[in-house]
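Examination of the molecular architecture
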Amino acid sequence: MTSLLRTQGLGKRYGRHPALSDCTLDIPAGHVVGLVGPNGAGKTTLLHLAVGQLTPTTGDITVLGGSPDAGPAQLARVGFVAQDTPTYAGLSVAEHLRFGARLNPGWDDALARGRVERLGLDPARRAAKLSGGQRAQLALTLGVAKRPELLILDEPVAALDPLARREFMQDLMEATAEHELSVLLSSHLVSDLERTCDYVIVLADSRVQVEGEVEGLLATHHRLTGPRRDPATLPAGQHVVSASHTDRQSTLIVRTRDPIHDPAWTVGQISLEDLILAYMRKPAPEDRRPVLEVLR
Ligand SMILES: Nc1ncnc2c1ncn2[C@@H]1O[C@H](COP(=O)(O)OP(=O)(O)OP(=O)(O)O)[C@@H](O)[C@H]1O
């Protein structure tokens, strides 16, 4: 099966500053992928590499099996909605659609008009007079009507209020199902991803901290609670992602494929939010300590 995104040792530096380091991924097509991480983690850099707006400093990247800078045929396969949902302030909604039709060989005009009507956007209204949510919807319409195989969105809902954000994400999911799109979207809000993504990549400090199908990640991460214990004494197959301690008790988030038999632990499930937050904290230096350790 074609990979939606494949990278090998991918890195990007701005001068001496590493924005993305040693990124190796192989994500099958057909997923809705959430790229999550704190500000400055390297999300936009990875997305710009994926659409050919940046060239790598090291390593390789292919998107849908093609090189991002392979030219118009590759561009037609990948839709990109950049950060701040770019629209042209002086152009009307209808003019945006005409512009989209002219620029994109696979443009689906019926789809674009249908979406504009359904969303209640006035075709004569200029983008400058639309609300933030309406502009985001217009940008999404332009991305979807291009009929790409993969739609990449950089923080599409960052500027929206919670209700508009939820509506946008729902609409995106419907469009994804209806048009069999793969999606790669970035956010630093875990709640945006929880209901929508079936694959996550957590970036922090320019590196991939964890990635995989949500279902598989949740099945292999557990919260262990029990008498205070040094995480270093856990069995070899149990990787401690985070640890917090009180005087008497330890709470660990542990990654393991094996069952946990130690009767001292109470084993609990974790949510996607718990998992992402545990990996999102800035990692400890190159040592074996957990990604997050809290002492109280
Ligand atoms: N053009 C540039 N020149 C120099 N440094 C840059 C440039 N663009 C980004 N950076 C730096 O690279 C790092 C990664 O930036 P990037 O925009 O990819 O992060 P991000 O995860 O998208 O952040 P945010 O969530 O704030 O948008 C940051 O430290 C940023 O300051």
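Residues numbered from 1 in each chain as written. Predicted model: local features only at pLDDT ≥ 70, side-chain atom pairs only at ≥ 80, totals over all residues.

Under the annotation held in an unreviewed UniProt entry, the chain carries the name ABC transporter ATP-binding protein and is attributed to Sphaerisporangium aureirubrum.

Describing the overall build of the chain
A tally of helices and strands in the chain yields 9 helices and 14 strands. For a compact globule of 296 residues, the expected C-alpha radius of gyration is about 19 Å, and the chain comes in at 21 Å, within 12% of that figure. Reported as C-alpha extents along the three principal axes, the dimensions of the chain are approximately 65 × 40 × 35 Å. Counting all 296 residues of the chain, 37% fall into the buried class. In the chain, the proportion of contacts linking residues at least 24 apart, taken out of those at least 6 apart, comes to 69%. (Helix = DSSP H or I, 4+ residues; strand = E, 2+ residues; numbered from the N terminus. Rg over C-alpha atoms; globule rule 2.2 N^0.38 Å. Buried ≥ 20, exposed ≤ 12 C-beta atoms within 10 Å, placed from the backbone. Contact = placed C-beta atoms within 7 Å.)

Description of the pairing of strand β6 (residues 150-154)
Regular strands show a simple pattern: their side chains alternate between the two faces of the sheet. Across the 5 residues of β6, 5 count as buried, placing the element largely inside the fold. Alternating residues of β6 divide into Leu 150, Ile 152 and Asp 154 and Leu 151 and Leu 153, and every residue in both groups is buried. Bridge count between strand β5 (residues 78-81) and β6: 4 bridges; the pairing is parallel. Across the sheet, residue Gly 79 finds its bridge partner in β6, namely Leu 151. The sheet contact formed by β6 and strand β7 (residues 182-187) spans 5 bridges and is parallel. By the bridge assignment for β7, Ile 152 is matched with Leu 184. Handedness of the crossover joining β6 and β7 through helix α6 (residues 162-178) is recorded here as right-handed. (Pairing = 2+ DSSP bridges. Right-handed = clockwise from strand over helix to strand, strands pointing away.)

Describing the sheet that holds strand β3 (residues 32-36)
Reading across from one edge, β5-β6-β7-β3-β8-β9 is the order of the 6 strands in this open sheet, with mixed pairing throughout. Two strands lie at the open edges of the sheet, namely β5 and β9 (207-213), each paired on one side alone. With direction set aside, neighbouring strand axes in the sheet form an average angle of 15 degrees. Taken together, the 5 bridges between β3 and β7 define a ladder with parallel strand orientation. Opposite Val 36, over in β7, you have Ser 187 as the bridge partner. Most of the contacts of helix α1 (residues 43-50) go to β6, to which it runs at about 150 degrees, and overall it touches β3, β6, β7 and β8 (199-204). Here helix α9 (residues 272-280) sits on the sheet in contact with β3, β8 and β9, set at roughly 25 degrees to β8. (Axes fitted to C-alpha atoms, helices over the stretch in contact; angles between N-to-C directions.)

Quick notes on the UniProt feature "domain: ABC transporter" (unreviewed entry) in the chain
Taking the numbering used here, the UniProt-annotated feature "domain: ABC transporter" (unreviewed entry) corresponds to residues 5-230. This span, residues 5-230, is 35% helix and 30% strand, and a straight line between its end C-alpha atoms measures 39 Å. (UniProt positions renumbered as here; feature names shortened; annotations may be inferred.)

So, the site of the ligand
Surveying the vicinity of the ligand reveals the residues Tyr 14, His 17, Ala 19, Gly 37, Asn 39, Gly 40, Ala 41, Gly 42, Lys 43, Thr 44, Thr 45 and His 188. Sorting the residues of the shell around the ligand by element identifies β2 (17-28) and α1 as the ones contributing at least two each. No other element matches the 3 residues that α1 contributes to the shell around the ligand. When the residues that make up the shell around the ligand are grouped by side-chain class, the tally is 3 nonpolar, 8 polar and 1 charged. (Near = placed C-beta within 6 Å. Nonpolar A, V, L, I, M, F, W, Y, C, P; charged D, E, K, R; others polar.)

Focus: α6
With 17 residues, α6 ought to run about 24 Å at 1.5 Å a step, and its terminal C-alpha atoms sit 24 Å apart, in line with that. Turning to α6, its buried residues are Arg 165, Phe 168, Met 169 and Leu 172. Projected down its long axis, α6 shows its buried positions confined to an angular sector of 95 degrees, all on one face. Those residues of α6 that are exposed and aimed more than 90 degrees away from the buried face are Leu 163, Gln 170, Glu 174, Ala 177 and Glu 178. (Expected span 1.5 Å × (residues − 1). Arc of directions from axis to C-beta.)

Thoughts on the packing of helix α3 (residues 93-103) against helix α4 (residues 109-119)
Their axes nearest at 11 Å, the elements α3 and α4 cross at an angle of 160 degrees. Viewed along their axes, α3 and α4 adopt a mutual orientation that is roughly antiparallel. Crossing geometry of α3 relative to α4 is assigned as right-handed. Across the interface between the two elements, Val 93, Leu 97, Gly 100 and Ala 101 from α3 touch Asp 109, Ala 112, Arg 113 and Val 116 from α4. (Parallel < 35°, antiparallel > 145°, perpendicular 65-115°, else oblique. Left-handed = near helix turned anticlockwise from the far one by under 90°.)

Regarding the sheet that holds strand β1 (residues 3-14)
Pairing in this open sheet of 3 strands is antiparallel, and the strands run β2-β1-β4 from one edge to the other. Of all the strands in the sheet, just β2 and β4 (58-63) have a single pairing partner and so form its edges. Going across the sheet, the axis of each strand differs from the next one's by a mean of 20 degrees, ignoring polarity.

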